[in-house]
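So the chains spell out like this:
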Amino acid sequence: MHRRLHCVRCADRVLTVPELAGYSCGACGSNLVFRIQPASDLAQLIERDRGLPWRYHKLLPVEYEPGADDGLVPPVTRSRVLESRLGVARVWLVDCTVFGTGTFKDLEAAVVIAIAKQLGIGRISVHSTGNTALAYRHYAIRLGVTCAAFLPRMNIGKLGDIEPNLNAPIFAVDAEYAQVSDVAKRAAARDGIHHMAPLRWKLEGKATIAWLLRELQLQVDLIVQTVAGGYGVLGVETGFRRVATALGEPAVAPSRPGYLLFQPSDADTLVRAWNTGATELSQADLRLPRKPLEPTLQSTNPLATLPLLRRILPAETVFQSVPVQLVDDSKPVIDAALHDAGIDLDYGREKSAYISLAGLLHTQLRSSARLAVIITGSPPFQSGLAKDTWQVVKP
Ligand SMILES: [Zn+2]
């Protein structure tokens, strides 16, 4: 049985598979806690011959899963083009496009599918705007887990380079984005399939970005990222706290980096919530445009994530809205910077990195600032999506 997660209130309780998969205790309702092995220095926590997320497997509440290890460490490239353009001391670009399906979501997916396999959950379903479901599907196929992926029909064009697979069907939900989650969960319940993944499991793989920055010993002041639901930044912050705890440092060190987070102006739910001091949100507060600049950033997740963002992010965290037109207008400058850093992104396929970089180009920063920008998105398609790869479902 799984010995890495436990309930702090029910010390002797043997956790069941649904409790471990749900990251919460069925008896008292508490979130489970990861018991970390203390280490005297960071080197003891790194497996240098592995890629992310497994390079830091000692910091993860899941056993090493060789089949989910691509052996890849994202290149972290210093961008002198952006340093001079922004007038700051350092800009590092963390290139998450190198992973299995070309996005930051691969880190989450590798961990979630590994825990499903290790808990013996052979059939799962997932829903997302596209990237996350595609990433889960990728690792599920590799680890022999059956995985049904639900995404909004309007986002089907975001998929590419994928082969039909009977064990990994794709369902295009013909409904408003806000309904996709319900449709997926109802279908899972009807078919007796486990629906993944709860908030806490989604953070695990993303925490590895914090460990990579620690390993590289970059003295970063600000982490820059485009956010949708905020899982990415919650994961990174969870990572900084966990490694600090493992090393016997204060979990919230004064020297830890801050966050500069961007959303496109047509889907800036979290910007508005953060800047008005809101601590929770209702459905009516969600900004879900019918024709968004970037469909993969449509998110109902702020309903769940805002309270946790309030609880763990530094109070001085900045959430900023980026006017949609500014993203288009900034494209030539951003393309030049990405090209210089050797990063190949398809603007038509995903604009996430362009949104944060456009925002950054129009933000006043201290000249001593040292930034790490998480670059996620997708390289260009190799081929189109086969027509028989997905089927339509209605609510
Ligand atoms: Zn408990």
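Along each chain, residue indices are assigned from 1 in the same order as the chain's sequence is written. Given that this is a predicted model, residues contribute local features only at a pLDDT of at least 70 and side-chain atom pairs are listed and counted only at 80 or more, while totals for whole chains, interfaces and linings are drawn from all residues.

Asks: Explain the overall build of the protein to me, please; I cannot follow it from the model alone.
Replies: Strands here mean DSSP runs of E at least two residues long; helices mean DSSP runs of H or I at least four residues long; both are numbered from the N terminus. Along its length, the protein carries twelve helices and 13 strands. Compactness check: the protein gives a C-alpha radius of gyration of 20 Å against a globular reference of 21 Å for 395 residues, within 12% of the reference. Principal axes of the C-alpha set define a box for the protein whose edges measure 55 × 55 × 40 Å. Expressed as a percentage of its 395 residues, the buried residues of the protein come to 47%. Remark: residues whose backbone-derived C-beta atoms lie within 7 Å of one another are considered to be in contact. In the protein, once contacts between residues fewer than 6 apart in sequence are set aside, the share between residues at least 24 apart is 73%. With C-alpha atoms as the basis for the radius of gyration, the globule rule is written as 2.2 Å multiplied by the number of residues raised to the power 0.38. Backbone-placed C-beta atoms define the burial measure: a residue is buried with 20 or more other C-beta atoms within 10 Å of its own, exposed with 12 or fewer, and partly exposed in between.

Asks: Would you mind showing me how to read the domain arrangement of the protein here?
Replies: By a widely used convention, the size of an interface equals the accessible area lost when the partners come together. Start and end points for every domain follow an automatic or database-based domain assignment. Here the protein is described as being made up of domain 1 (1-35), domain 2 (76-103 + 202-375) and domain 3 (105-197 + 382-393). The centre of domain 1, based on its C-alpha atoms, is set 26 Å off from the matching centre of domain 3.

Asks: Could you clarify how one ought to interpret the sheet that holds strand 13 (residues 390-393) in this entry?
Replies: Paired through backbone hydrogen bonds, the strands of a sheet run either parallel or antiparallel to each other. A strand pair is defined by DSSP finding two or more bridges across the two strands. Spatial strand order, 8-5-6-7-13: five strands in an open sheet with parallel pairing. Every interior strand has two partners, whereas the edge strands, strand 8 (194-195) and strand 13, have only one. Two elements, strand 5 (residues 123-127) and strand 8, share two bridges in a ladder whose sense is parallel. From the neighbouring strand, Ser 125 faces strand 8, where its bridge partner is His 195. The sheet contacts of helix 5 (residues 180-191) involve strand 5, strand 6 (146-152), strand 7 (170-173), strand 8 and strand 13, and relative to strand 5 the element is tilted by about 170 degrees. Axis lines are fitted through C-alpha atoms, for helices just across the contact stretch, and the angle between N-to-C directions can take any value from 0 to 180 degrees.

Asks: What should I look at first to understand the sheet that holds strand 10 (residues 258-264) in this one?
Replies: Pairing in this open sheet of six strands is mixed, and the strands run 3-4-12-9-10-11 from one edge to the other. The open sheet has two free edges, formed respectively by strand 3 (76-78) and strand 11 (318-322), since each of these has just one partner strand. Put simply, the sheet's adjacent strands are angled 25 degrees from each other on average, direction ignored. Note that strand 3 and strand 4 (residues 90-95) share three bridges and pair antiparallel. When the bridges of strand 4 are listed, Thr 77 appears paired with Leu 93. Running over the sheet, helix 8 (residues 231-246) touches strand 9 (222-226), strand 10 and strand 12 (370-375) and is turned about 155 degrees from strand 9.

Asks: Help me understand the nonpolar core, please; the structure alone is not making it clear to me.
Replies: Proteins that are soluble and globular tend to have nonpolar side chains buried together. With 112 residues, the main nonpolar core has Val 112, Ile 113, Tyr 136, Ala 149 and Val 373 as its most contacted residues. At nine residues, helix 3 (residues 105-118) tops the list of elements feeding residues into this core. By convention in this section, buried Ala, Val, Leu, Ile, Met, Phe, Trp, Tyr and Cys residues joined through C-beta atoms within 7 Å make up a nonpolar core.

Asks: Would you explain unusual backbone geometry in this entry?
Replies: Glycine aside, negative phi is the norm for most residues, and most peptide bonds take the trans geometry. Cis rather than trans, the peptide bond between Leu 52 and Pro 53 has omega equal to 0 degrees. Note that Pro 53 resides in the loop between strand 2 (33-34) and strand 3. In this model, Met 196 is joined to Ala 197 through a cis peptide bond whose omega is -5 degrees. Even without being a glycine, Tyr 23 presents a positive backbone phi close to 60 degrees. Positive phi values are uncommon outside glycine, yet Gln 217 reaches one of about 55 degrees.

Asks: Quick question: what am I supposed to make of the pairing of strand 4 here?
Replies: Two faces make up the sheet, and in a regular strand the side chains alternate between them. For strand 4, the tally of buried residues reaches five of six residues, placing the bulk of the element in the interior. The sheet contact formed by strand 4 and strand 12 spans six bridges and is parallel. Of the residues in strand 12, the one forming a bridge with Val 94 is Ile 374.

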